[in-house]
Amino acid sequence: MILLSFIICFFSCNQFSKKELDTRTKDPETNKNQIVFIFKKQNFENSVDIKSNVLGSAIFYSEKNDFTIIELNPSNSVKNDTIVKKVNSDKICLSHRFNKVQKFLYEFQKGDTVVFDYEKGYPYVSIINRKVLKYDNNFLADIKIEKPLEDFQFVLKNKRIRNGNENKIYFKELSNYRIKVEKFLDSIMNENLISPSIYEMYKASNKFSEINTDKTLLKSIVSDDLRRDDLLYLKSYRHFLNNYVVQKFHIKTQFSNDPMTCNSKIAFDSINRSALFSNKVKESLLYTHLVNIAEKNSTVDLDEYFKKFQEIVKNPVLNEYIYDTYLLDYTSLKTNIKDVYLLNKTKQKITINDVLSQHRGKVVYVDFWASWCAPCRSAMPSSRKLHEEYKDKDLVFVYISIDNDFNKWQAASEKEDLSIGNNNLLAMNYPNALFYKELQLKTIPRYLIYDKKGKLVHQNAPGPENNEIRFELNKYLKE
């Protein structure tokens, strides 16, 4: 029956040929070192909140005893999509944020085939290759205990943040909720309705999520809480560790609810000097703050702290991943101010003048964007529509991302279907180049138009969703 369900599900998803399917089902070795994720059709368009700059759906996981994050970007707004990931550990913890505020947590095993179904209005999971206990897959969906509104949900409902008294009430409600969940988890564990590892995962998530919300609880932690290598795959635990670092070492933050708005150089050095953490936890914390330096600090800072990281963390695979992700072999390009350097998906460098020269005789419409920019991403369907409308005209669309993370740029580019020749590019020396300073390019999305002679004729062109763009493009196409 399990094999039959497996075959039916894979045929319905139209992801594998019959020959491939036969090979996969007849040979258990094919599946044992990977997890197959099947995402049923679900339209995510309504989950993008432009005003708050929040992308609605985020799906990512970490492997057991690891802290690096793998993001999944299913293309299931039109049809089912299947993603196959090789895994090294026996288990992973996957987090799925849905419709901006709902957060779901799952534990899967190596060799699983997992189906995400959205017919109930939220992600509901089935595992089709093995039997599971009643509450293993959908504990957070099935639990009948009402959770108090999180801060973001409260703002959406009331159009304001909580005041001091409301915060006190909220912390008390959250504590009562945690106690109820703990009792329920204990009861279903005693009745053998949930697997031990999943029980431990939810217990830990429940505990550290409350601490992350009510920072006064940080005072009650014990030293063992700082040495839980087994929980590093859990986002709430990693978040707790960073909250602890901020409080313990008295590091100022820009926003009290986000420890990653702190000075990560100070955090990095404080963590390195400390003997509080296990080696693996320390490695996780140093990695987190190195990534924060990469995304928020200068190239010089990143180069300095990556050298420190290599001296402390003797993990060649992780070090190579950081080196490749943040393009540390292009440091000299990043600090160049005279030319505008760009990279394509194969990491070949090119300048903006090269791009304009290649398309001399055509109008060039430049779109500055980034993977993390919700307004940029929400405009992409209109951009694709405009591209189709002008496909037979002398018009070229050039997409330039200001992402710092090569992998996030690639994932977002694939999701937005920006595989348009070599015209999807990554900005290497933004914002250092004089070009960006002269344009005063400080916010995105931002659009430029170059005429057929390669001259910049519009520094603040209308976006693709604005009907005025057609008037502007047509004007320069006639020249």
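Residues numbered from 1 in each chain as written. Predicted model: local features only at pLDDT ≥ 70, side-chain atom pairs only at ≥ 80, totals over all residues. Heavy atoms only, no water.

*Asks:* When you look at the confidence of the model for the protein chain in this model, what are you seeing that I'm missing?
*Replies:* For the protein chain, the mean per-residue pLDDT works out to 88, and 90% of the residues sit at or above 70. In the predicted structure, residues 45-56 sits below a pLDDT of 50 and forms 34 contacts with residues beyond four places in sequence or in another chain. (pLDDT = per-residue confidence, 0-100. Contact = heavy atoms within 4.5 Å.)

*Asks:* What is the right way to read the packing of aromatic side chains from this model?
*Replies:* In this description, an aromatic ring pair is defined by two values, namely the gap between the centres and the angle between the planes. What the rule picks out here adds up to 28 aromatic pairs. Residues Tyr122 and Tyr124 carry aromatic rings whose centres are separated by 6.2 Å and whose planes lie at 65° to one another, so their mutual orientation is edge-to-face. An aromatic cluster is defined as three or more aromatic residues linked by ring pairs; in this entry it consists of Phe37, Phe39, Tyr61, Tyr106, Phe108 and Phe116. Over the face of the ring belonging to Tyr124 we find Lys120, whose NZ or CZ atom lies 3.7 Å from the ring centre. (Phe/Tyr/Trp six-rings, centres within 6.5 Å; stacked < 30°, edge-to-face > 60°. Lys NZ or Arg CZ within 6 Å of the ring centre and 35° of its normal.)

*Asks:* What's the story with unusual backbone geometry in this structure? I'm lost.
*Replies:* In terms of backbone geometry, most residues other than glycine have negative phi values and most peptide bonds are trans. Cis geometry marks the peptide bond from Tyr430 to Pro431; its omega dihedral reads 0°. Within the fold, Pro431 resides in the loop between strand E15 (424-427) and helix H17 (434-439). Along the chain, Ile444 connects to Pro445 via a cis peptide bond; the corresponding omega equals 5°. Inspection of the secondary structure assignment puts Pro445 in the loop between H17 and strand E16 (446-450). At Asn65, a residue that is not glycine, the phi angle is positive and equals roughly 65°. Within the secondary structure layout, Asn65 lies in the loop between strand E2 (58-63) and strand E3 (70-72). Although it is not a glycine, Gln440 adopts a positive phi angle of roughly 55°. Examined against the element boundaries, Gln440 turns out to sit in the loop between H17 and E16. (Helix = DSSP H or I, 4+ residues; strand = E, 2+ residues; numbered from the N terminus.)

*Asks:* Whenever I open this one, the pattern of salt bridges confuses me. Can you help?
*Replies:* Opposite charge on two side chains allows them to pair when their charged atoms are near. The tally for this structure, following the rule as stated, stands at 21 salt bridges. Between Arg162 and Asp151 there is a salt bridge whose closest N-O contact spans 2.7 Å. Of this pair, Arg162 sits in the loop between helix H4 (151-158) and helix H5 (164-190) while Asp151 sits in helix H4; the two residues are 11 residues apart in sequence, bridging distant segments of the chain. Across the salt bridge formed by Glu295 and Lys408, the nearest N and O atoms sit 3.5 Å from each other. A residue pair is termed long-range when its members are at least 10 positions apart, and Glu295 in helix H9 (residues 279-296) and Lys408 in helix H16 (residues 406-415) qualify at 113 residues. Given the relative accessible area of 32%, Glu295 is considered partly exposed. What you see here is one network of salt bridges that share partners, running through Lys103, Lys147 and Glu150. (Salt bridge = Lys/Arg side-chain N within 4 Å of Asp/Glu carboxyl O. Buried < 20%, exposed > 50% of the residue type's maximum accessible area, 1.4 Å probe, protein only.)

*Asks:* In this structure, what is going on with the state of the cysteines? I would like to understand it.
*Replies:* Note on terminology: a disulfide is the covalent bond linking the sulfur atoms of two cysteines. The final tally for this structure, using the stated rule, is one disulfide. Paired by a disulfide, Cys373 and Cys376 hold their sulfur atoms 2.3 Å apart. Disulfide Cys373 to Cys376: torsion about the S-S bond roughly 75°, handedness right-handed. Judged by its relative accessible area of 1%, Cys376 falls in the buried class. (Disulfide = S-S within 2.5 Å.)

*Asks:* Any chance you could explain the sheet that holds strand E12 (residues 349-351) here in plain terms?
*Replies:* Reading across from one edge, E12-E11-E15-E14-E13-E16-E17 is the order of the seven strands in this open sheet, with mixed pairing throughout. Each edge of the open sheet carries a strand with a single partner, namely E12 and strand E17 (456-458). Neighbour to neighbour, the strand axes of the sheet diverge by 35° on average, direction disregarded. Relative to E17, E16 runs antiparallel, the two sharing two bridges. Looking across to E17, one finds that Tyr450 is bridged to Leu456. In the packing of H16 onto the sheet, contacts are made with strand E11 (341-343), strand E13 (363-369), strand E14 (395-401) and E15, and the angle to E15 comes to roughly 155°. (Pairing = 2+ DSSP bridges. Axes fitted to C-alpha atoms, helices over the stretch in contact; angles between N-to-C directions.)

*Asks:* Could you clarify how one ought to interpret the side chain of Asn424 in this entry?
*Replies:* Tracing the backbone through its elements, the reader meets Asn424 in strand E15. Engagement of the side chain of Asn424 in a polar contact is seen with the side chain of Ser413, the distance being 3.0 Å. For Asn424, the contacting residues outside a window of four places in its chain are Leu343, Asn344, Trp369, Tyr399, Trp409, Ser413 and Leu418. (Polar contact = N/O pair within 3.5 Å; in protein donor to acceptor, adjacent residues only side chain to side chain.)

*Asks:* Whenever I open this one, the sheet that holds E2 confuses me. Can you help?
*Replies:* Backbone-to-backbone hydrogen bonds join strands into a sheet, with any given pair of strands oriented parallel or antiparallel. Strand order in the open sheet formed by four strands is E3-E2-E5-E6, with antiparallel pairing between adjacent strands. One side of each edge strand has no neighbouring strand; the edge strands of this open sheet are E3 and strand E6 (102-109). Looking at each pair of strands side by side, their axes are set apart by 25° on average, direction ignored. Pairing of E2 with strand E5 (residues 91-98) involves six bridges; the strand directions are antiparallel. If you follow Phe60 over to E5, its bridge partner there is Ser95. Sheet strands in contact with helix H6 (residues 196-213) are E5 and E6, and its direction is about 150° off that of E6.

*Asks:* What exactly am I supposed to notice about the packing of H9 against helix H11 (residues 316-325) here?
*Replies:* For any two helices packed against each other, one specifies the crossing angle of their axes together with the interaxial distance. Between H9 and H11, the shortest axis-to-axis distance is 12 Å and the interhelical angle comes to 10°. Between H9 and H11, the crossing angle belongs to the class labelled roughly parallel. For the pair H9 and H11, the contacting residues are Glu283, Tyr287 and Leu290 in the first and Leu318, Tyr321 and Ile322 in the second. (Parallel < 35°, antiparallel > 145°, perpendicular 65-115°, else oblique.)

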